[in-house]
Amino acid sequence: DASRFDGGLCTQVYVEVDYTPAVAEPDISNVPSSKNFGIVELGTSVWSNGSAPTWPLDDSECYFTITNNGDACSITIQATNFTGEGTDWTLGEPAENVARLKAGKSGDANEEAMVTLTNSPQPFISGLAKDATKKWEVKLEMPTSADMYEKTTTITLVATLD
């Protein structure tokens, strides 16, 4: 009898699952988040911690602290040209309207081991373990001649998971 239904027969089941894998994101912080060098004489150099370090660079001689709040990661570093009232300063070998920034991390053997910052990302810290910290320092080498208006630069740290 065609009007009677006793049940069904299923020959195929199709299930679609939308799956997005959990991908960990790098999570770093940097303290303090800025440094005001104040008034610096042309043609001179200053360190963010206040004085030239002894070598190798150790934690007590570093101004900044990076903390890795996530999984193991590596960190690149870069800077912007200096901007402000008057003439902007570019990054490079100190000259007229050209300043140099160097970043060093605790453990660097000497100034030559520091990274000379450019507008492009450069390797800085590799293999920073989960929940680890790394201290670091900045050296500013002033232009040989320039206007003396206040200038600002931004140093950017970018973490990628190892």
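In what follows, the structure referred to is the one given above.
Bear in mind the structure is a predicted one, so any value in this text is a computation, not a measurement. (Residues numbered from 1 in each chain as written. Predicted model: local features only at pLDDT ≥ 70, side-chain atom pairs only at ≥ 80, totals over all residues. Heavy atoms only, no water.)

1. Here we look at the environment of Lys135
Here comes step 1: With respect to the element layout, Lys135 can be found in strand β10 (residues 133–141).
Here comes step 2: Given the relative accessible area of 27%, Lys135 is considered partly exposed.
Here comes step 3: Remark: the alpha-carbon pair of Lys135 and Gly104, spanning 31 residues in sequence, is separated by 8.8 Å.
Here comes step 4: Ignoring sequence-local partners within four residues, the contact set of Lys135 consists of Asp59, Cys62, Phe64, Thr65, Lys105 and Ser106. (Helix = DSSP H or I, 4+ residues; strand = E, 2+ residues; numbered from the N terminus. Buried < 20%, exposed > 50% of the residue type's maximum accessible area, 1.4 Å probe, protein only. Contact = heavy atoms within 4.5 Å.)

2. A short note on the nonpolar core
Generally speaking, a soluble globular protein has its nonpolar side chains buried in company with each other.
Here comes step 1: Counting 25 residues, the largest nonpolar core has Ile66, Ile75, Ile77, Leu101, Phe124 and Trp136 as its most contacted members.
Here comes step 2: Going through the elements one at a time, β3 (64–68), β4 (73–79), β7 (98–105), β9 (122–128), β10 and β12 (155–161) are the ones with two or more residues in this core.
Here comes step 3: Top element by residues in this core is β4. It accounts for four residues. (Core = buried A, V, L, I, M, F, W, Y, C linked by side-chain atoms within 4.5 Å.)

3. So, the pairing of β7
Here comes step 1: Most of β7 is tucked away: seven of the eight residues are buried.
Here comes step 2: As paired strands, strand β6 (residues 90–91) and β7 are joined by two bridges and run parallel to one another. Residue pairing for β7: Thr90 is matched across the bridge by Val98.
Here comes step 3: Strand direction decides the pairing type here: β7 and β10, joined by six bridges, are antiparallel. (Pairing = 2+ DSSP bridges.)

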